[in-house]
Amino acid sequence: MTSQWAARAAATFEPVGRSVASARAFVRDTLQGWGSTEITDDAVVLTSELVTNAVVHAGTAVEVRCLRTDAGVRVEVSDRYPERELPLDTADHVPSSPEREGGRGLMLCAALASRWGVEYTPTAKQVWFQLDIEEPVAGTRAAGPILAVDDLPLALESKVRVAVVQLDRGGCVSRWSDDARDLFGYDAEKVLGKPLGELAAWPHTPGTGTGLVEALRHSRWEGSYGIRGADGRVIPVYASHLRLRDSAGDPSTVCLLVRDQERAVLQTPLRPAPQDPGAIPAQGEAGRAADPFEAFIGFPAPDDLDGLLQRTVERARDILDGDSAYLLLATDDETELEVRASTGLPSAQQRFARVPVETGTGRYGSARMPAVHEDLAADPGAVPLLSSTGMRSAVTVPLKVEGRLTGSLGVASESPGRYTNEEALRLQFAADRIALAVESARLGELERLRRGSLSFLVEASDLLAGTLDRDQTLALMAQMTVPTLASWCAVYTLAEGADPELSYVLHEDEDRIDDLRALLSRIAPPEPVPSPGARVWTTPADAAHASVLRTSFRSLSLSGVPEAVPSLATASAVGGETVVLPLVARNRVIGLLVLGKPSDEHFRQEILELAEDMSRRAALALDNARLYSERTAISQSLQRSLLPPGLPEVPGVEVDVIYRAAGEGNEVGGDFYDLFPIRDGAYGFAIGDVCGTGPEAAAVTGLARHALRLLAREGFGGPAVLERLNSAILDEGARSRFLTLLYGELWPQRDGSAVVKVVCAGHPLPLRLRPDGSVAPAAEPQPLLGVMEDLELYEERITLDPGDVLLCVTDGVTERREGTRMLGDEGLVDVLSTCTGLTAGAVAARVMRAVERFAAEPASDDMAILAMRVPAQRTSS
């Protein structure tokens, strides 16, 4: 008979060691989400053994399914190794030993499960077990100790507010309670439909940690983060997330949130250790059966490093009955210790702070050996971390792995003389038990961080390499930095011989950007020191705090008007550690990258190293953008110098020109045109195309345009002008380029016509449009320039009657392509034949529009169009 399951959940895991922990977390989250907490521990233990057997011993992927009825929960573990035999206990079979590595999963099933079994198929094996859920008994299920009133958790207000926020499938707010409004300042209509991520200040480190999206996918999740209130401040909260689905099967998440100081309202008590450690025995008591540190971390141990460290300091403080505890991890060279977890101390003020181990001011002299500090007031520098915290006595012990210092664990009290060598030995015993686990978790975090850092740098390099625009490069630098590496950043650029200039500012809270820019604009920029690495810059925090303090004094004395200063929120935003990294490219400092943290926060060393790698890439991209901008500006300036500044007025003749340079940055060279007066009543015109682009082509272009004007004004006719220009081009030697050129002289006549004398040296032939719409070439082709020394060119004379149009173009017009099609001379003739009655400007515009519409792709060649029209004579009425 097939059972009717009330709920199902399934997941597949790869055959790697970390899948065991993932499977445990999956089963725990699922069962807690179903409310089956009383059987969760047994189910997790059995799942761990069975998945270990499948992943480690069978070596195949494994599927875990959780099935629930009203009476119990069934968990099925399936692998792809059907040939594996069962360890049966028969008369001729030696019973399995509990110490054996294999076979223990089935023994545990027999011991813990109400029913279990194994099923084979041709391709898989499935081991299942079922745990029954007993009918709940009314009454107290769990209770804590009786506490005095002074020992009870402190609420900030007489009324404890629990915000209820419901999120839909996409993580958008669908319900916002009145307490949520009172806590965070938003009315419901302001937040409904918005993603929670827009309000949440979620802690994030590249390559590590659980993100908000992942947390919302868990069946149940508890932890701390921040919510940005309506006033811009981040409010620390403790949250409990429960994922459920409605009758239609749509998932949603219910979030309960309280202020972080009131976490006792929501926080689930830690489960007791498998054995009760009992009370801490009195000093000197002999023969104690178990030390409290036997269950120091508890079960299960946190999977992530931060969770493991936080659990460690909390247990250390509780067991030694201290007021605070902290844990520091050593850097790779063991010269510094970095604060990674603390309790009972202002953790935001200390997190990732670094102190030297051996030498220097603020050194941590008691790191390598256990030490008891009976009165810190007598030796305030003994434990730098506890300065100005009110702690009077402390005990510190090292964490060592194979004789190498990996960290330091300390517990402190507000009373002097609280600890003795007995507590130091017990704390050292605990530290020895956890040192290897902490180092293993730290190495795992470093590996994930390095993988994340590598991905970050690859993405950053791709983005920076994708643009040569200076402003876009500056924006990319800032956007990649915030919030991944820092809470805010500023980029200073440095021109040669000038002071650093503030070019870009970005903050993770957009409302703080203007205040932050104003603050940085009022202080002197950091020194452009070329030495590599990050250096601390305290000026922004000092200036912000000093300005706020002056304003407070001024407002208290009620005298004067406060100057424009940053708000308290902005001062807090820049009040943490600020570092400066030089942007060095091609052995020159071209700028400075400033990274900042909010009040009393520090950068961790790995983040600074990642920022240094990113700054080197960003500096090169910024310098490339600068060089490209300079090159483009020079190119465009030279291009403009090769074209006439304007067109002269020609009496009785309409003249118009359209010039389009192809290519990014409008490279110099290519096509050119000119129209200039020769003498009274005569005008010279030219349109040409130099082979190639770049400086050599630009040189020939400039030579041609200026030689034409000079020779024509000396009285030479068209053939003589082009023959001398041909000699000048050939004199350039290897730098010479061949040139196609249409040169002519225009002579307006008293009768309203115009005489044109032209020489077409290898150039597309000029076209003449008659008022009746007929189009014909106005010249014969002759040899191009720059190839042969002896040229015999001749001049052709035509008369443009009223209404006639003379159209001259470069080959970029006639050679416009779309696949295998080309506009060609015939296509140009067809377009020109539709231009009767149009002005010269309208003719040029229609031809250009037809050329552009001929193909979808941008033009790959320069184009020049010169149109001359003799206006039709008006008849008097």
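Residues numbered from 1 in each chain as written. Predicted model: local features only at pLDDT ≥ 70, side-chain atom pairs only at ≥ 80, totals over all residues. Heavy atoms only, no water.

**Student:** Please provide a residue-by-residue account of the overall build of the protein, values included.
**Tutor:** A count of helices and strands for the protein gives 19 helices and 34 strands. Taking all 877 residues of the protein together, 47% fall into the buried category. The long-range share in the protein, meaning contacts at least 24 apart out of those at least 6 apart in sequence, stands at 61%. (Helix = DSSP H or I, 4+ residues; strand = E, 2+ residues; numbered from the N terminus. Buried < 20%, exposed > 50% of the residue type's maximum accessible area, 1.4 Å probe, protein only. Contact = heavy atoms within 4.5 Å.)

**Student:** Go over the sheet that holds strand S21 (residues 578–585) with me, naming the residues and quoting the values.
**Tutor:** Here we have five strands laid out as an open sheet, ordered S19-S18-S22-S21-S20, and antiparallel in their pairing. Whereas interior strands pair on both sides, the edge strands pair on one side only; in this sheet they are strand S19 (501–507) and strand S20 (535–536). Relative to strand S22 (residues 588–596), S21 is paired through eight bridges, and the arrangement is antiparallel. Among the inter-strand pairings, Leu-581 is bridged to a residue of S22, identified as Leu-593. Sitting on the sheet, helix H10 (residues 470–481) touches strand S18 (488–493), S19, S21 and S22, and the angle it makes with S19 is about 40°. Most of the contacts of helix H11 (residues 513–522) go to S19, to which it runs at about 150°, and overall it touches S18 and S19. (Pairing = 2+ DSSP bridges. Axes fitted to C-alpha atoms, helices over the stretch in contact; angles between N-to-C directions.)

**Student:** Run through the pairing of strand S27 (residues 754–761), naming residues and quoting values.
**Tutor:** Successive side chains on a regular strand alternate, one facing one side of the sheet and the next facing the other. Here S27 lies mainly inside the structure; seven of its eight residues are buried. When strand S26 (residues 739–748) meets S27, the two strands line up antiparallel, connected through eight bridges. For Leu-741, the partnering residue across the bridge sits in S27 and is Ala-761. With antiparallel pairing between neighbouring strands as the criterion, S26 and S27 make up a hairpin whose turn holds five residues, including Gly-752 at a positive phi of roughly 95°. Bridging between S27 and strand S30 (residues 796–800) involves five bridges; their strand directions are antiparallel. Opposite Ala-754, over in S30, you have Leu-800 as the bridge partner.

**Student:** So what's going on with the nonpolar core? Residues and values would help.
**Tutor:** Formed by 51 residues in total, the largest nonpolar core has its most connected members in Phe-685, Leu-722, Leu-741, Tyr-743 and Leu-785. Sorting elements by how many residues they give to this core places helix H15 (residues 695–713) first, with seven residues. When neighbours within four sequence positions are excluded, Leu-741 is seen to be in contact with Phe-672, Ala-686, Ile-687, Gly-688, Leu-708, Leu-722, Leu-725, Val-759, Cys-760, Ala-761, His-763 and Leu-785. (Core = buried A, V, L, I, M, F, W, Y, C linked by side-chain atoms within 4.5 Å.)

**Student:** Residues and numbers for the pattern of salt bridges, please.
**Tutor:** Considering all chains together, one arrives at 29 salt bridges under this definition. A salt bridge links Glu-439 to Arg-442; its shortest N-O distance comes to 3.0 Å. Placement of the pair is Glu-439 and Arg-442 together in helix H9 (residues 421–465), with a separation of three residues, close to one helical turn. Connected via shared salt-bridge partners are Glu-63, Arg-65, Arg-74, Glu-76 and Glu-119. (Salt bridge = Lys/Arg side-chain N within 4 Å of Asp/Glu carboxyl O.)

**Student:** Kindly report on the environment of Asp-680, identifying the contributing residues and their values.
**Tutor:** Structurally, Asp-680 can be placed in the loop between strand S24 (669–679) and strand S25 (682–693). Residues Asp-680 and Trp-747, spaced 67 residues apart in sequence, show a C-alpha to C-alpha distance of 9.6 Å.

**Student:** Please provide a residue-by-residue account of the sheet that holds strand S3 (residues 72–79), values included.
**Tutor:** If you walk across this open sheet you meet the five strands as S1-S2-S3-S5-S4, and the pairing is antiparallel. One side of each edge strand has no neighbouring strand; the edge strands of this open sheet are strand S1 (7–13) and strand S4 (115–120). Each adjacent strand pair in this sheet contributes to an overall mean axis angle of 15°, direction not counted. Here S3 pairs with strand S5 (residues 125–132) via eight bridges, running antiparallel. If you follow Ser-78 over to S5, its bridge partner there is Gln-126.

None of this, on its own, says anything about what the molecule does.
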